[in-house]
Amino acid sequence: MTNVLENLKYLKKDMEAKGWVIDSFIFRYNDEDFIVLIKLFAENEKKKNAYALLKLEFLRLTDVNISLQVEANAAKLFVDAKPLREYFGISYSENLGSILQQFMEYFSRFIPVEVIDKKNEDQLKVMVSSLSKSDSENPNKLYCYQVRRNGIKSDGSLAQRSNFNDNKSRILRPFLYEKFKNEKNISFCYSAKQNEESTDETILANYSNNKK
């Protein structure tokens with residue numbers, strides 16, 4: 001089988017090199033726009049298919065709550081024909097296998113080979129929501145109010161911030177993130193209440209005062 005989705009392999013490599021566990025791009029099909037989330041498997045995360053390379057989540061731009069999650073590698077999408085056909089409105093045909101292959105070939109044209117920094121507001125919103133859920137957090141926690149140094153683990157090492165907290169902060173608080181990006185044992189704290197949010201300057205000042 002040819003690697004019709006080979007761009008996924010290059011995108012995954014670039015995400016890893018740049019420290020991203022999630023990325024997104026826009027996919028247009030049947031005159032409808034979809035946001036496609038690309039997610040790396042977390043360490044020790046169980047795959048549904050042993051040959052999967054990445055996780056993909058398709059979200060309708062008109063209603064991001066309507067989504068389809070699949071695993072994929074460079075050769076195929078690991079999804080049954082029926083849910084894929086129903087989600088994208090692909091008409092049933094006796095030659096369904098050929099139609100699904102055509103779908104993957106068409107989809108492959110939209111897959112970037114590297115992380116594209118410029119994202120629209122809708123993309124950033126669903127990326128942050130996904131990162132929060134992956135970090136077992138309320139997706140409404142969008143308002144950073146402090147940074148904190150993590151505690152010591154049972155083996156004596158300092159606990160590291162999660163990749164999800166890292167990426168979320170790169171998106172929501174880029175200036176603040178730059179100050180702490182290399183201090184992996186510092187996490188960013190978020191609230192669901194906007195009135196609890198602090199400015200970068202206040203957070204930095206409070207952190208400096210707590211160190212004294």
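Preceding this section is the structure that the text describes.
For the structure given in this document, a descriptive report is provided here. Values in this document were obtained by computation on a predicted structure and should not be read as measured data. (Residues numbered from 1 in each chain as written. Predicted model: local features only at pLDDT ≥ 70, side-chain atom pairs only at ≥ 80, totals over all residues. Heavy atoms only, no water.)

Next up on the list: the environment of threonine 199. Mapped onto the secondary structure, threonine 199 falls in the loop between strand E7 (186-191) and helix H7 (200-211). For threonine 199, a relative accessible area of 41% corresponds to the partly exposed category. Considered as a pair, threonine 199 and tyrosine 145 are 54 residues apart in the sequence and their alpha carbons are 7.6 Å apart. (Helix = DSSP H or I, 4+ residues; strand = E, 2+ residues; numbered from the N terminus. Buried < 20%, exposed > 50% of the residue type's maximum accessible area, 1.4 Å probe, protein only.)

Attention now moves to the sheet that holds strand E5 (residues 77-78). Strand order across the open sheet formed by five strands is E1-E2-E3-E4-E5, with antiparallel pairing between neighbours. Bordering the open sheet on either side are strand E1 (22-29) and E5, each of which pairs with just one other strand. With six bridges joining them, strand E2 (residues 32-39) and strand E3 (residues 54-60) adopt antiparallel strand pairing. Within the sheet, the bridge partner assigned to lysine 39 lies in E3 and is lysine 55. Packing against the sheet, helix H3 (residues 96-108) makes contact with E1, E2, E3 and E5, and its axis sits at approximately 120° to E1. (Pairing = 2+ DSSP bridges. Contact = heavy atoms within 4.5 Å. Axes fitted to C-alpha atoms, helices over the stretch in contact; angles between N-to-C directions.)

In this structure, proline 83 sits in helix H2 (residues 81-88). Residues proline 83 and aspartate 122 lie 39 residues apart in sequence; the distance between their C-alpha atoms is 24 Å.

Under the definition given, this model contains 23 aromatic pairs. For the pair phenylalanine 27 and phenylalanine 34, a centre-to-centre distance of 6.2 Å together with 35° between the ring planes defines the contact as tilted. Three or more aromatic residues joined by ring pairs form one cluster here, namely Phe25, Phe27, Tyr29, Phe34, Phe58, Tyr87, Phe88, Phe103, Tyr106, Phe107 and Phe110. The ring of tyrosine 87 carries arginine 60 above its face, with NZ or CZ at 4.6 Å from the centroid. For the cation-ring pair, arginine 170 lies above tryptophan 20, with the distance from its terminal atom to the ring centre recorded as 4.0 Å. (Phe/Tyr/Trp six-rings, centres within 6.5 Å; stacked < 30°, edge-to-face > 60°. Lys NZ or Arg CZ within 6 Å of the ring centre and 35° of its normal.)

Further remarks concern the nonpolar core. Residues Phe27, Leu56, Phe58, Phe88, Phe103 and Phe107 are the most contacted members of the largest nonpolar core, which totals 41 residues. Mapped by element, the contributors of at least two residues to this core are helix H1 (7-18), E1, E2, E3, strand E4 (63-72), H2, H3 and helix H4 (121-134). The residues touching phenylalanine 88, leaving out its near neighbours within four places in the chain, are Phe27, Tyr29, Asn30, Phe34, Phe58, Leu68 and Phe103. Within the second largest apolar cluster, 10 residues are counted, among which are Cys144, Val147, Phe180 and Phe188. (Core = buried A, V, L, I, M, F, W, Y, C linked by side-chain atoms within 4.5 Å.)

Despite not being glycine, aspartate 31 shows a phi value in the positive range, around 60°. Tracing the backbone through its elements, the reader meets aspartate 31 in the loop between E1 and E2. One non-glycine residue, asparagine 44, adopts positive backbone phi at about 70°. As for its position among the elements, asparagine 44 is in the loop between E2 and E3. Here asparagine 44 falls in the exposed class, since its relative accessible area comes to 77%.

Nothing here speaks to function; it is geometry throughout.
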